[in-house]
Amino acid sequence: LLDAGMRTLYQCREIVDGVAQFQPGSTVYRGLWIQDALYDIDGILMEGDTASARKATEGLFHFQDNTGKVKVIWPVDIQRDTPNFIWALVRYARLANSREWLQNHWPKIVAAMRFIQERRKSTLADPRAAYYGLMPPGFVDGGISGINADYSSVYWVLICTERAVEAAEWLGKTREAQEWKTFYQELLSSYRSAAARDVRKDLYGNQYLPVKVADTTHDVPQRAQWVLCEAVNLGSFLSPSDPIVPGTLAVLDSSCVQGLPVSFGWLTGGIGVWFAPVYGLAHYMIGNVEKAADVLYAFANHATPLGAWAEEQMPKGVSTRTTGDFPTNSAYASMLKLVVSLLADDKGPSLDLLRGIPGAWLIPGSVIRASDFLTKFGRISVEASVSKDGRTGHIVVSSAGYRDADDSMAQYTDTGSTFDLWLTAFKQAGFKAKDGSELENRVRTRWNQKIEVEFQR
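Attention here is on the structure that accompanies the text. (Residues numbered from 1 in each chain as written. Predicted model: local features only at pLDDT ≥ 70, side-chain atom pairs only at ≥ 80, totals over all residues. Heavy atoms only, no water.)

Let us now look at the overall build of the protein chain. A count of helical and extended segments in the protein chain gives 15 helices and 19 strands. Scaling as 2.2 N^0.38, a compact globule of 457 residues should have a C-alpha radius of gyration of about 23 Å, and the protein chain matches this with 22 Å. C-alpha atoms of the protein chain, sized along the principal axes, occupy 70 × 55 × 45 Å. Of all intrachain contacts in the protein chain linking residues separated by at least 6 positions in sequence, the fraction that spans at least 24 positions is 65%. Accessible area of the protein chain: about 18,700 Å², with a carbon and sulfur share of 50%. (Helix = DSSP H or I, 4+ residues; strand = E, 2+ residues; numbered from the N terminus. Rg over C-alpha atoms; globule rule 2.2 N^0.38 Å. Contact = heavy atoms within 4.5 Å. Areas by Shrake-Rupley, 256 points an atom, 1.4 Å probe, with all protein chains shown as cover.)

So, in structure tokens, the structure goes:
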């Protein structure tokens, strides 16, 4: 499925106005949607295709005007486009380890952040407005029609501001870093006040925040909650202990049919297929590793025999109706993001290696191999194998850390120069260390060192 999806992803990369861009699909939404492109670009980056990723990222430059705003599907005003743009630039620079490239294009990030700050400032004119201190109304998509003040734009501004601060500190831009930290805290404070006002409970008592600000409708609570999942996956402002995080995931869990949430997107009663890996990744990010694997397999089970997915579809036996792209590259790219994260997750201050591998992968004769994955800390390769009789196993890890990983993560003390090899899955599968002692849950080691771990039953 990974091979088939990657092939389709590249087949839907087209030259538009002289610029290569990844399309979300080849049918309904054929054209640039920046939020979909983020997953495509991130996927090929993690797999090491930095040249294609750079071209696709630089292709976004054509959509930024002289105010800093990024306009793609105009005149529809999507508030997320500009923060999506910032995230894409920083993500490319970090994984490609190209400080010089980021420095060359720094004015684009500064202009985009200035535009975002002005947009948020415009909401302060009327304290009576429901979106006071947040972001102005815009098109939401993904299950929400029309123009609305919504929390997805707020989440994405917080996400991109975190990345902009990270980039500013990486480049030594202390003035911008401090300015954006202040802006971040102000927006976060406004968000928390509005969220406290708008939070609801579903029929089971689970807390969730409707996607629309000050929502007065009575739509199903899971509608478009991919926005909360993305906030959990890409940002750090929502703690796993924040009641709306486990609450929203419980809302989605309770809606599942065939292992995946229904009414997640546009199709009421239908399975939101392409959003599903994003939902699985949110479970992984808060520590629900087994649930993340279950979602991955449920998603894989909705592929066609040739390895493609509909964007949304009705459950079997209910209807044959589908909606959105077929095939949808967004579904594949978000699956790839989930798979790579299970193997090598670089979201936090240090890399987590093999933290999310399912126990089902540790059967006799199995081999888990990932070669030269790109992370924001460096390149890493890992092979974990189990003997044919299932009695012994071996892990080999090699890495090449980026020279300035320590500098870029200085606020986290020394963790940027180390990563954690997780052995929890092996321990749960009944394996012990070679000397018969219990395996540690994780082993911390430094980059640029070869690691070998032997285990046995």
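Let us look at the sheet that holds strand 18 (residues 442-446). Read from one edge to the other, the open sheet built from 4 strands follows the order 11-12-16-18, with strand pairing classed as mixed. With partners counted over all chains shown, the strands left at the sheet margins are strand 11 (344-345) and strand 18, one partner each. Direction of pairing for strand 11 relative to strand 12 (residues 351-353): antiparallel, over a ladder of 2 bridges. Paired with Ala-344 across the strands is Leu-353, a residue of strand 12. (Pairing = 2+ DSSP bridges.)

Take the pattern of salt bridges next. In the structure shown here, the tally under the stated rule is 25 salt bridges. Among the salt bridges present, the one from Arg-94 reaches Glu-166, with a minimum N-O distance of 2.4 Å. Taken as a pair, Arg-94 in helix 4 (residues 81-95) and Glu-166 in helix 7 (residues 151-171) lie far apart in primary sequence, 72 residues in all. Judged by relative accessible area, Arg-94 falls into the buried class, the value being 3%. For Arg-120, the salt bridge goes to Glu-186, with nearest N and O atoms at 3.8 Å. Note that Arg-120 is positioned in helix 6 (residues 106-122) and Glu-186 in helix 8 (residues 174-198), a separation of 66 residues in sequence. (Salt bridge = Lys/Arg side-chain N within 4 Å of Asp/Glu carboxyl O. Buried < 20%, exposed > 50% of the residue type's maximum accessible area, 1.4 Å probe, protein only.)

We now examine the packing of helix 7 against helix 8. Between helix 7 and helix 8, whose axes approach to 9 Å, the crossing angle comes to 160 degrees. With respect to their mutual orientation, helix 7 and helix 8 come out roughly antiparallel. Here the hand of the crossing between helix 7 and helix 8 comes out left-handed. Of the residues contributing to the contact of helix 7 with helix 8, the split by class is 17 nonpolar, 1 polar and 6 charged. (Axes fitted to C-alpha atoms, helices over the stretch in contact; angles between N-to-C directions. Parallel < 35°, antiparallel > 145°, perpendicular 65-115°, else oblique. Left-handed = near helix turned anticlockwise from the far one by under 90°. Nonpolar A, V, L, I, M, F, W, Y, C, P; charged D, E, K, R; others polar.)

Summed over all chains, the structure comprises 20 aromatic pairs. Look at Trp-106 and Trp-180: their rings are 5.6 Å apart centre to centre, the planes differ by 45 degrees, and that puts the pair in the tilted class. Within this pair, whereas Trp-106 is found in helix 6, its partner Trp-180 is found in helix 8, the two being separated by 74 residues in sequence. As far as the burial class goes, Trp-106 and Trp-180 line up, both buried. (Phe/Tyr/Trp six-rings, centres within 6.5 Å; stacked < 30°, edge-to-face > 60°.)

What follows deals with helix 7. Taking 1.5 Å as the rise per residue, helix 7 with 21 residues should run 30 Å; its terminal C-alpha atoms sit 30 Å apart, in good agreement. Within helix 7, 20 of the 21 residues are buried, which leaves it mostly tucked inside the rest of the structure. Residue Gly-172 follows helix 7 closely and has a positive phi angle near 75 degrees. (Expected span 1.5 Å × (residues − 1).)

Note that Asp-202 resides in the loop between strand 5 (200-201) and strand 6 (207-208). A polar side-chain atom of Asp-202 sits 2.9 Å from the main-chain amide nitrogen of Tyr-204. At 2.8 Å, the side chain of Asp-202 forms a polar contact with the backbone nitrogen of Asn-206. When residues no more than four places from it in sequence are discounted, the contact partners of Asp-202 are Tyr-208, Pro-221, Val-251 and Ser-254. (Polar contact = N/O pair within 3.5 Å; in protein donor to acceptor, adjacent residues only side chain to side chain.)

Right, let's talk about the pairing of strand 19 (residues 451-456) for a bit. A one-sided burial pattern is seen for strand 19, the buried positions being Ile-451, Val-453 and Phe-455 and the unburied ones Glu-452, Glu-454 and Gln-456. As paired elements, strand 15 (residues 392-401) and strand 19 share 6 bridges and run antiparallel to each other. Paired with Thr-392 across the strands is Gln-456, a residue of strand 19. Bridge count between strand 17 (residues 432-433) and strand 19: 2 bridges; the pairing is antiparallel. By the bridge assignment, Lys-432 is partnered in strand 19 with Gln-456.

Topologically, Asp-42 is positioned in helix 2 (residues 34-46). Here the side chain of Asp-42 touches Lys-337 through a polar contact of 2.7 Å, side chain to side chain. Contact partners of Asp-42, with chain neighbours within four places excluded, come to Trp-87, Arg-91, Leu-95 and Lys-337.

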